[in-house]
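Listed below, chain by chain, are the residues.
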Amino acid sequence: LACPFFLGNGTVAADDNVLYDILSYLDVSDALHLAISSSLCCRRLVGKTLAEAPEEGCLQRFLADILGKDAVAAAATCGIIAAMRALRGPPGEVLSLTLAIDGDTPVPFALRFLDAIFAAEHCWQPASLAAAQQLLRGNWANVMSATRCALKAVEQDFDAVVAEEFPIQNAYVRVARLRSAVAFLQERFGKWSRQDLEDAVASLDLTIKGYVEEGFDLGCPQVNRPGKAAMPYSHWWVYRVHRVSNDFGLCS
């Protein structure tokens, strides 16, 4: 594909539709690797400049098929190559899961979405953030419905762990991760409709606080080791070890 004859050497070039068909068999990372493999590939696949219609280039069309034209337009303000770089990894998973959420999304899928939100928190770039905002705004009602179901399931599972006397601190690591993900989701994407999760969040928070006031230690030992925290403190809805009510709800 990289040969000048196929991509265009000034006299002969493959049709854009042929290149687009080839891209359709690739994922975002593979398409990006192809585009940056040479200056010729980059020029040929990017096509015309962003000042013109963003869907005209092969890469723009490729991404639009995955994310939709509006999300690509939002992400590509800094350039289509920069946008593709930003859409890899956890932010890209958030985008793909957002597109797949509907009114019948099962709880495990919703939990996977929240895990992706958590993992993406330190990975967002302007392009991926703009695309995510566009997609989430368009599918907000379904995302909120799925998130409420996920929070309810998390609370029920945590109650079951306590009732069956399983190691509660290990189970709470999972709860903390998902509770943090909801905080990140609300802060980055849901400022205009925070009330959508108000009841579900309040119920889970009261359950957490209730167990702490009963004497359960929900501190994360990794956070309590000076200089050796395995995860940033701002990423966890946690208590310090052996602390109770005055440290409730420390997040971000």
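Residues numbered from 1 in each chain as written. Predicted model: local features only at pLDDT ≥ 70, side-chain atom pairs only at ≥ 80, totals over all residues. Heavy atoms only, no water.

Description of the packing of aromatic side chains
When we look at a pair of aromatic rings, we describe it by the centre distance and by the angle of the planes.
Here comes step 1: Counted by the stated rule, this structure contains four aromatic pairs.
Here comes step 2: Seen from their ring centres, F118 and F184 are 6.2 Å apart, and the 35° between their planes marks the pair as tilted. On the criterion of sequence distance, the pair formed by F118 in helix α9 (residues 107-120) and F184 in helix α12 (residues 168-189) is long-range, its members being 66 residues apart.
Here comes step 3: Measuring from centroid to centroid gives 5.5 Å for W124 and F189, while their planes differ by 75°, and the two rings are edge-to-face. Linking W124 in the loop between α9 and α10 (126-138) with F189 in helix α12, this pair joins segments that are 65 residues apart in sequence.
Here comes step 4: Across from the ring centre of Y20, 4.1 Å away, lies the NZ or CZ of R61, which sits over that ring. (Phe/Tyr/Trp six-rings, centres within 6.5 Å; stacked < 30°, edge-to-face > 60°. Helix = DSSP H or I, 4+ residues; strand = E, 2+ residues; numbered from the N terminus. Lys NZ or Arg CZ within 6 Å of the ring centre and 35° of its normal.)

Here's the deal with helix α3 (residues 28-35)
Here comes step 1: Three or more residues of α3 are buried, namely V28, A31, L32, L34 and A35. Taken down its axis, α3 places every buried residue within 160° of arc, on the same side.
Here comes step 2: Buried residues along α3 sit against α2 (16-23), α4 (39-46), α5 (58-67) and α7 (80-86). (Buried < 20%, exposed > 50% of the residue type's maximum accessible area, 1.4 Å probe, protein only. Arc of directions from axis to C-beta. Contact = heavy atoms within 4.5 Å.)

Comments concerning the nonpolar core
Here comes step 1: Core analysis: the biggest nonpolar cluster contains 72 residues, and L59, F113, L185 and F189 have the highest contact counts within it.
Here comes step 2: Element by element, the count of residues in this core is highest for α12, at 10 residues.
Here comes step 3: With residues up to four places along the chain from it excluded, the contact list for L59 reads L23, A31, A35, L45, V46, I80, I81 and M84. (Core = buried A, V, L, I, M, F, W, Y, C linked by side-chain atoms within 4.5 Å.)

Remarks on the pattern of salt bridges
In a structure, side chains of opposite charge can pair up when their charged atoms sit close to one another.
Here comes step 1: Scanning all chains against the criterion turns up five salt bridges.
Here comes step 2: Here D115 makes a salt bridge to R174, at a shortest N to O gap of 2.7 Å. With D115 in helix α9 and R174 in helix α12, this residue pair connects regions lying 59 residues apart in the sequence.
Here comes step 3: The exposure class of D115 is buried, given its relative accessible area of 19%.
Here comes step 4: Note that R179 and D205 form a salt bridge whose closest N and O atoms lie 2.7 Å from each other. Of this pair, R179 sits in helix α12 while D205 sits in helix α13 (residues 198-213); the two residues are 26 residues apart in sequence, bridging distant segments of the chain.
Here comes step 5: What makes R179 buried here is its relative accessible area of 5%.
Here comes step 6: Given the relative accessible area of 12%, D205 is considered buried.
Here comes step 7: Salt bridges sharing partners connect three or more residues here, namely D115, R174 and R177. (Salt bridge = Lys/Arg side-chain N within 4 Å of Asp/Glu carboxyl O.)

Digging into the confidence of the model for the chain
Here comes step 1: Across the chain, the average pLDDT comes to 77, with 76% of residues at 70 or higher.
Here comes step 2: Across the chain, element-level confidence peaks in α9 with a mean pLDDT of 94 and bottoms out in helix α1 (residues 4-7) with 48.
Here comes step 3: Note that pLDDT drops below 50 for residues 1-5; the model gives that stretch 13 contacts with residues more than four away or on any other chain.
Here comes step 4: Within the model, pLDDT remains below 50 along residues 240-252, and this stretch shows 34 contacts once partners closer than five positions in the same chain are excluded. (pLDDT = per-residue confidence, 0-100.)

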